[in-house]
Amino acid sequence: MSTAAQTRVKPRKATGRTTGSAPRRPWTPSQIVLTLLGAAVSAVFLAPLAWALFTSLKSETEAVEVPTHWLPEDWTTQAWSAIFETGNITNWFVNSLVVSVCVTAVVLSVGALAGYGFARTEFRGKGFLLGLVMTGLMVSPAVLGVPLFTTVQQMGMVDTYWGMILPQCAPAAMVYILYKFFQGIPRELEEAAFIDGAGRWRVFFTIVLPLSRPSLAAVGIFTFIASWNNFLWPYMVTNNPDLMTMPNGIATVMNSYGIQWAQLMAGGLMAGLPLIVVFVFFQRQIVTGVAHTGLAGQ
């Protein structure tokens, strides 16, 4: 045996780095600028939430003091207790949940069927109907408030769940989003299924819908958020306190002395909490859905 083979290999000194890991590169000036810019924009968006939280932890007297200040001098949960005692929070929450879930389910069903029909079928008057749907994108919902209320009143649906749900189920924007996505699905997949004997409905439910999960998730989340935040229409169509949604119920937080700002901030945070939870858990689906529809640059 050679002398070189008998030589022991000296152990290397620990360098504090994991073997095979690349050294950390220093930040470039552009990365530093973008990070600072992102932090500044985040602070601007988070400032109202922080202000609402701190105000809800003040007393009503301290909440209206001038000059105002950010942090409470006397931390108290009086506003949170009062809004549970004076307001029907549970009922408002349930009403908002029922309305938003039903609107989301109807919009997804109607939007998927209409979008697929426009993207894959040919029929007389298709261009006119598609243009009519696109026209709905240019009409503000506030303009349609009076004719919609007249229609709902004639149908006897004032002060009912259906009166709040059905007028929100005209998904022009959602039809367009799904229409653009269905156009991007390769036709070869559907043609192969047709050759194997599958019908149009089977292709739609077994091939198209599974491939459309990112877009359907994005459309569902957008619809749920819009319906949950809708204040004007539920306010117009119902006067029954038992049917109030969260935005309408929180707007009633006042007494003979005026608006109770601490309670109003507490109620606003409670109303926004479900939306924050939805966005935190489904933000990947939102980004993926927008990217797949081709709307990211529009």
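Above this note sits the structure.
Throughout this description, residue numbers start from 1 for each chain and increase along the sequence as written. Two thresholds apply to this predicted model, a pLDDT of at least 70 for residue-level local features and 80 or more for giving and counting side-chain atom pairs, whereas whole-chain, interface and lining totals are computed over all residues. The basis for the side-chain values is all heavy atoms of the structure; hydrogens and waters are excluded.

Draft legend 1. Examining the packing of helix α5 (residues 89–120) against helix α11 (residues 200–211) more closely. Lines fitted to the C-alpha atoms define the axes, with helices restricted to the stretch that makes contact. Angles between their N-to-C directions range from 0 to 180 degrees. By the criteria applied, helices consist of DSSP H or I runs no shorter than four residues and strands consist of E runs no shorter than two, each listed in order from the N terminus. At their nearest, the axes of α5 and α11 sit 12 Å apart, and the two run at 105 degrees to each other. As the angle between them shows, α5 and α11 are arranged roughly perpendicular. Facing A112, L113, Y116 and R120 of α5, the residues of α11 in contact are R200, W201, V203, F204, V208 and L209. Just so you know the grouping, Ala, Val, Leu, Ile, Met, Phe, Trp, Tyr, Cys and Pro go in nonpolar, Asp, Glu, Lys and Arg go in charged, and all remaining residues, Gly too, go in polar. Within the contact of α5 with α11, the residues separate by chemical class into 8 nonpolar, no polar and 2 charged. Roughly parallel means an angle under 35 degrees; roughly antiparallel means over 145; roughly perpendicular covers 65 to 115; every other angle is labelled oblique. Contact definition: two residues touch when any of their heavy atoms are within 4.5 Å.

Draft legend 2. The arrangement of the layout of surface pockets in detail. Grid points spaced at 1 Å and placed over the protein atoms alone form the basis of the search, with a cavity being a set where a 1.4 Å probe fits but cannot get out and a pocket an open set showing protein on both sides within 12 Å along at least five of seven lines. Lining residues have an atom within 4 Å of a point. Grid points are joined across faces, edges and corners, and a volume is the space filled by probe spheres set on the points. For the largest pocket, the calculated volume is near 770 Å³. Counting residues per element, the ones that place at least two in the lining of the largest pocket are α5, α7 (145–154), α9 (172–184), α12 (213–229) and α13 (232–237). The dominant element in the lining of the largest pocket, judged by the number of residues it contributes, is α12, at 4 residues. Classifying every residue of the lining of the largest pocket gives 19 nonpolar, 7 polar and no charged.

Draft legend 3. A look at the pattern of salt bridges. Any Lys or Arg side-chain nitrogen located within 4 Å of an Asp or Glu carboxyl oxygen qualifies as a salt bridge. What the rule picks out here adds up to 3 salt bridges. Measuring nitrogen to oxygen at the nearest pair gives 2.5 Å for the salt bridge that ties R120 to E190. With R120 in helix α5 and E190 in helix α10 (residues 187–195), the pair connects residues that are 70 residues apart, well separated along the chain. Residue R120 shares its accessibility class with E190, and that shared class is buried. A salt bridge links E190 to R200; the nearest nitrogen and oxygen atoms lie 3.7 Å apart. You can see E190 sitting in helix α10 and its partner R200 sitting in helix α11, a full 10 residues away along the chain. Classification of R200 as partly exposed rests on a relative accessible area of 35%. Several salt bridges converge on common partners, so that one network encompasses R120, E190 and R200. For every residue, the accessible area (1.4 Å probe, protein chains only) is compared with the maximum for its type, and the residue is labelled buried under 20%, exposed over 50%, or partly exposed between those bounds.

Draft legend 4. Representation of the state of the cysteines in the model. The disulfide criterion is simple: two cysteine sulfur atoms within 2.5 Å. Counted by the stated rule, this structure contains 0 disulfides. Not part of a disulfide, C102 finds its nearest cysteine sulfur in C169, a span of 8.4 Å.

Draft legend 5. Fine view of empty space enclosed by the protein. Within the structure shown, the criterion is met by 1 cavity of 30 Å³ or more. In this structure, the largest cavity occupies an estimated 40 Å³ of space. Lining the largest cavity, in full, are S96, V99, S100, S227, W228, N230, P234 and T245. Secondary-structure elements contributing two or more residues to the lining of the largest cavity are α5 and α12. Per-element tally for the lining of the largest cavity: the top contributor is α5, with 3 residues. For the lining of the largest cavity, the per-class residue count stands at 3 nonpolar, 5 polar and no charged.

Draft legend 6. The arrangement of the environment of I89 in detail. Secondary-structure assignment places I89 in helix α5. Since its relative accessible area comes to 7%, I89 is described here as buried. Linking I89 and G249, residues 160 residues apart in sequence, is a C-alpha distance of 7.8 Å. With sequence-adjacent residues up to four places away left out, I89 is seen in contact with I83, F84, M246 and M270.

Draft legend 7. The arrangement of unusual backbone geometry in detail. With an omega of 0 degrees, the peptide bond between V66 and P67 qualifies as cis. Residue position: P67 is located in the loop between α3 (60–63) and α4 (78–86). A positive phi angle is found at D159, which is not glycine, with a value near 60 degrees. If you trace the backbone, D159 turns up in the loop between α7 and α8 (161–165). Residue class for D159 comes out partly exposed when judged on its relative accessible area of 32%.

Draft legend 8. A nonpolar patch on the surface, seen in detail. Grouping into patches uses exposed residues only, defined as over 30% relative accessible area, and leaves out salt-bridged ones; the cut-off is 9 Å for like charges and 5 Å for nonpolar side chains (Val, Leu, Ile, Met, Phe, Trp, Tyr). Surface accessibility in these figures is a Shrake-Rupley result with a 1.4 Å probe; residues are shielded only by whichever protein chains are displayed. Where nonpolar side chains cluster on the molecular surface, the patch consists of L46, L49, L273, I276, V277, V280, F281 and F282 and spans about 770 Å² of accessible area. Broken down by secondary-structure element, the contributors of at least two residues to the nonpolar patch are α2 (29–56) and α15 (261–293). By residue number, the principal contributor to the nonpolar patch is α15, which donates 6 residues. Mapped onto the fold, V280 is located in helix α15.

Draft legend 9. Structural detail: the side chain of T223. For T223, the location among the structural elements is in helix α12. In this structure T223 comes out as buried when scored by relative accessible area, which is 7%. Not counting residues up to four positions away in its chain, the partners in contact with T223 are V103, T104, V107 and M174.

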